[in-house]
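Architecture at a glance
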Amino acid sequence: MINRKGLGAVREIGIYVHVPFCVRKCLYCDFLSFPAGEEERERYVKALLKEIEAGAVRYGDCLVDSVFFGGGTPTVLSGGQLIRLMSGLKDGFAFRKDAEITLEANPGTVDERKLGDCIEAGFNRISIGAQSLQKEELAMIGRMHSAEDFFLAYRWARESGFRNVNVDVMAALPGQKILTYLDSLERLADLEPEHISAYSLIVEEGTPFYEWYGESGKREAGMAALPSEEEDRLMYERTGKILAQRGYGRYEISNYAKPGFECRHNIGYWKRRDYAGFGLGSSSMMGNIRWKNTSDMGEYLHLMEKTPQLEAVRKERHPLSVKEQMEEFMFLGLRLTQGVWKEEFHNVFGVKIEHIYGETIQKLCKQGLLTEGDQVKLTPYGRDVSNYVMAEFLF
Amino acid sequence: MPGIDQSKIRNFCIVAHIDHGKSTLADRIIEKTGLLTSREMQSQVLDNMDLERERGITIKAQTVRIIYQAKDGEEYIFNLIDTPGHVDFNYEVSRSLAACDGAILVVDAAQGIEAQTLANVYLALDHNLDVFPVINKIDLPSAQPQWVKDEIEDVIGIEAQDAPLISAKNGIGIEEVLEAVVAKVPAPSGSPDNPLQALIFDSLYDSYKGVIVFCRIKEGKVRKGTQILMMATEAKAEVVEVGYFGPGQFIPCEELSAGMVGYITASIKNVKDTAVGDTVTDAKNPCAEPLPGYKKVNSMVFCGMYPADGAKYPDLRDALEKLQLNDAALQYEPETSVALGFGFRCGFLGLLHLEIIQERLEREYNLDLVTTAPGVIYRVHKNNGEMVELTNPTNLPDPSEIDFMEEPVVSAEIMVTTEFIGPIMELCQERRGRYLGMEYIEETRALLKYELPLNEIIYDFFDALKSRSRGYASFDYDLKGYEESKLVKLDILINHEEVDALSFIVHADSAYDRGRKMCEKLKNEIPRHLFEIPIQAAVGGKIIARETVKAMRKDVLAKCYGGDITRKKKLLEKQKEGKKRMRQIGNVEIPQKAFMSVLKLDDK
């Protein structure tokens, strides 16, 4: 098959590339990520390039609107490796001129040179994981960098030419106080990044944090406690207010941006735009079929290293029924501040939203969790308990 | 099988403290006598049910017949009867023992005699069994066989110096045990020419054969075609088949005669007709008297059982019906609860029996159950002179109609090493026990006698006893009778609505304490809702305790990395699924397990 790169391209897609490496696993992290040696990293990059090449043949008729390199810590890779991966993508796919191309980075894994390489590679957005600027909090969650490392990374990113920067900050960390959280947030906002992700810690199964803070977890002596739900919500409320004053809009439950800098790639997930995932354990949705690549590195390498076998590497392939598409439309769309547009639901599914979810919407409106007009949106309280609301939209 | 020489039969059982290696020894004996190769042996052959194997306890008596070629050159027939190991099944144990002529006492070489060792030995001696000891686990580094031998002689007073030293686990000394069985277990007596007199020690239901009666022939003989009569239940039937017990299978034979252990089938449809302890005789030529010791087994503990999914009610009914076929002690009748819908009020021998039935329903019949707090039968004497037996607290008449109430009381004997007398007496005091006396068995062991209300021991008394005596106390009880008592019904209100399934009867003096604990427990079991939920305990309309489940403040998944939507959806589905498994009371959703949390109120 020949690559029909961009030929008559109408379908816009996002691309996600997973880099499952990190220097050290954070204590709360349950993502597919682990430390690896130089040799393994290079082997992985080669396999990934093969997968990209093979994928490009299949999806060459798409137009790439956004790319996201996530992890792990993609910046564990060398500048050269990142350049090769981006070239692979650009060789295979047609890109929109203004495509948003994001690189996730962690302080301590980047320097001026590597960031310069990233710009050269074509990345135009960088997302830096600061999480906190308090020494004790960073230590508690097992981050290996300091606040100073972050400030340096941020400065280098700007100096290298990144005009679109996101900073991650975390709330509800063990031992965190409202004041220490707000101190981190405000000092980060002082830098005026274009985008801020401020999210609460979720204690996930299979992490050290789960052992300590999970349902039946046992905190060891001397370990700080998690803030209460009440404190967590207060942090969330104050985040919205402080960032609004500084010109950031909350466009999604935990994402804030200056006008025009909302993350297109993430919005794509919430609006159910097609996206192709590459790499170990990456997720994809193309034409209402979802799948996920194998999480087994040995298997991944084996399947990619000779003739790439795309079908074999894809696990959990699941074509979505119309009902499932509706469920997703609702629970994903509701994450956005603008909510879901009733008209859009009608356009997509050919049936009025009221016919499907009329009762649910009414009930949730009565409970003060949703408001209803041309759009259906979460109220502030609805946002606090959004899982409860979203679960109501499952059949 | 004509011409079996009675003098070559040995009917025996193995008694031991839990974990001293009873089932392992049984396995080795079966293996050694060549019934099964070790490859075929699934560990602990006699414990049939998965549940038994998992819990390491024997629930139903198991029996196996083996042929042993002894050193004297003769072939012996061994009938090994494995007995249940819990106080709930004491009656079954006593009937199994009554079917034997001797018992092997297994004692752990490192731990020596323990509480249950004594209780079991005395039970065996009460049945006039010849008991001989074997010392197990001699391969352990901490084994002290001589010390254990001396202890057995001092404490129990049976000869122990020549006790076989064995390791059942490693198959050491098994031969010696088998020889000892030949030498020390007396051959059965009884004459095949007398009228038939056979003891039922167990029965089970088979969908092809009907009820299979396990019995020990004391006198006379039985064969196909014999008209038999069950003397207590007065059921009659014609024998279809007799036989003995191969490992895991029934092997038919011509005739069972005095001294033999085997089974009878007679197209009996209901296990209730073949009560354990009853005597089987020849209807045409009956024996003069039934064998002694028969008791009608009554349920002592009751609780409501409801399917978690209301639509499974017929499934639950079918399952109970099937279990009852094999378990005459299980009773049930339909009932309804406002909170839980349609279900059954079930009666059990004790709490372990309840737990076992519950687990079997859940595993073997794949049912998700909600169980209400277990209770006993109370006698409610009304002003008009009427007396009502109450098994479901919800049916308690209005207090104004009640003259007085009575509750069942048991006489309990607790065997304990002296160092734990204090804590155990304290426990009995807490449970409204009346001290009757104490006997020293030897310097370091005592037998405490108490009268205890049954409803104080059905929850977790056994566990509490074990934990406060580090496993050393053993306990046995007998229903003594009914006594007047100041009892009240404790109601639980959730969001101001009374939840019938959570009500229970309690002594007035413990009502406050229990109410408070109950509210605390429920507070932790009921998830936060969008609104605040008061949980209250009330007696006769008066609130005596309260807790509050605060309104939900946060339920949000903040981040969704890499577009793994499937995972997020699974989380939401789990949440939704969790809600399905909840019971709606008013506008509060209560998880099923909250109803069960009342079972474990007294955890110390």
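Going by the structure above, here's the rest.
None of the values given here were measured: they were computed from a predicted structure.

Once that is clear, we can look at the nonpolar core. Among the nonpolar cores identified, the biggest contains 117 residues, and A:Phe69, A:Leu89, A:Phe93, A:Phe123 and A:Val389 are the most heavily contacted of them. If you tally residues by element for this core, the top one is helix 1 (residues 38-59) of chain A, at eight residues. Grouped together as the second largest cluster of nonpolar side chains are 82 residues, B:Met300, B:Leu367, B:Tyr477 and B:Ile533 included.

Opposite the 45 residues of chain A that make contact, chain B presents 29 residues. For the pair chain A and chain B, the summed buried area comes to about 3,500 Å², and 53% of that belongs to carbon and sulfur atoms. The largest per-residue losses of area from chain A upon contact with chain B belong to A:Glu229, A:Asn387 and A:Leu394, which jointly make up 17% of the total buried on that side. Across the contact surface, chain A and chain B share 10 salt bridges. B:Arg528 is paired through a salt bridge with A:Glu229; the nearest N and O atoms lie 2.7 Å apart. For the pair chain A and chain B, the number of links is 13 residue pairs in polar contact (both at pLDDT 80 or more). Going through the elements one at a time, strand 6 (195-200), helix 8 (229-245), helix 9 (264-270), strand 11 (289-293), helix 12 (322-333), helix 15 (380-384) and helix 16 (386-391) of chain A are the ones with two or more residues in the side of chain A that touches chain B. Of the residues belonging to the side of chain A that touches chain B, the class tally is 18 nonpolar, seven polar and 20 charged.

What follows covers helix 13 (residues 342-349) of chain A. For the α-helix, the turn length of 3.6 residues means that residues three or four positions removed from each other point alike. Residues and elements named next belong to chain A. Those residues of helix 13 not exposed but buried are Lys342, Phe345 and Phe349. Across the axial projection of helix 13, the buried residues extend over an arc of 55°, all falling on one side. Within helix 13, the exposed residues directed more than 90 degrees away from the buried face are Glu343 and Asn347. On its buried face, helix 13 is in contact with helix 12, strand 13 (340-341), helix 14 (353-366), strand 14 (370-372) and strand 15 (375-378). Just beyond helix 13, the residue with positive phi is glycine 350, at close to 70°.

Below, the discussion takes up the pattern of salt bridges. Summed over the entire model, instances satisfying the criterion amount to 68 salt bridges over all chains. Close ionic contact of B:Arg567 with A:Asp30 constitutes a salt bridge, the shortest N to O distance being 2.4 Å. In this pair, B:Arg567 sits in helix 13 (residues 565-580) while A:Asp30 sits in the loop between strand 1 (11-19) and helix 1, so the two residues belong to two different chains. Salt-bridge contacts for A:Asp98 lead to A:Arg264; the nearest nitrogen and oxygen are separated by 3.8 Å. Of this pair, A:Asp98 sits in strand 3 (residues 94-105) while A:Arg264 sits in helix 9, and the two are 166 residues apart along the sequence. A cluster of three or more residues bridged by salt bridges with shared partners is formed by A:Glu12, A:Asp65, A:Arg96, A:Asp98, A:Arg264 and A:Arg273.

Another aspect to go through is the sheet that holds strand 16 (residues 301-307) of chain B. Strands belonging to one sheet form pairs held by backbone hydrogen bonds; the direction of such a pair is parallel or antiparallel. Residues and elements named next belong to chain B. An order of 17-18-16-19 is seen for the four strands of this open sheet, with the pairing classed as antiparallel. Of all the strands in the sheet, just strand 17 (331-337) and strand 19 (369-371) have a single pairing partner and so form its edges. The sheet shows a mean angle of 30° between the axes of neighbouring strands, taken without regard to direction. Direction of pairing for strand 17 relative to strand 18 (residues 341-348): antiparallel, over a ladder of seven bridges.

Attention now moves to the state of the cysteines. Each disulfide is one covalent bond, formed between the sulfur atoms of two cysteines. By the definition in use, this model includes zero disulfides over all chains. Note on A:Cys26: no disulfide assigned, nearest cysteine sulfur contributed by A:Cys29 at a separation of 6.3 Å. For A:Cys26, a relative accessible area of 13% gives the class buried. B:Cys100 supplies the cysteine sulfur nearest to B:Cys13, a cysteine that is in no disulfide, at a spacing of 3.9 Å. Overall, the relative accessible area of 0% leaves B:Cys13 in the buried class.

What counts, and where the lines are drawn
- Residues numbered from 1 in each chain as written.
- Chains lettered and ligands numbered in written order.
- Predicted model: local features only at pLDDT ≥ 70, side-chain atom pairs only at ≥ 80, totals over all residues.
- Heavy atoms only, no water.
- Core = buried A, V, L, I, M, F, W, Y, C linked by side-chain atoms within 4.5 Å.
- Buried < 20%, exposed > 50% of the residue type's maximum accessible area, 1.4 Å probe, protein only.
- Helix = DSSP H or I, 4+ residues; strand = E, 2+ residues; numbered from the N terminus.
- Contact = heavy atoms within 4.5 Å.
- Buried area = accessible area lost by both parts, 1.4 Å probe.
- Salt bridge = Lys/Arg side-chain N within 4 Å of Asp/Glu carboxyl O.
- Polar contact = N/O pair within 3.5 Å; in protein donor to acceptor, adjacent residues only side chain to side chain.
- Nonpolar A, V, L, I, M, F, W, Y, C, P; charged D, E, K, R; others polar.
- Arc of directions from axis to C-beta.
- Pairing = 2+ DSSP bridges.
- Axes fitted to C-alpha atoms, helices over the stretch in contact; angles between N-to-C directions.
- Disulfide = S-S within 2.5 Å.

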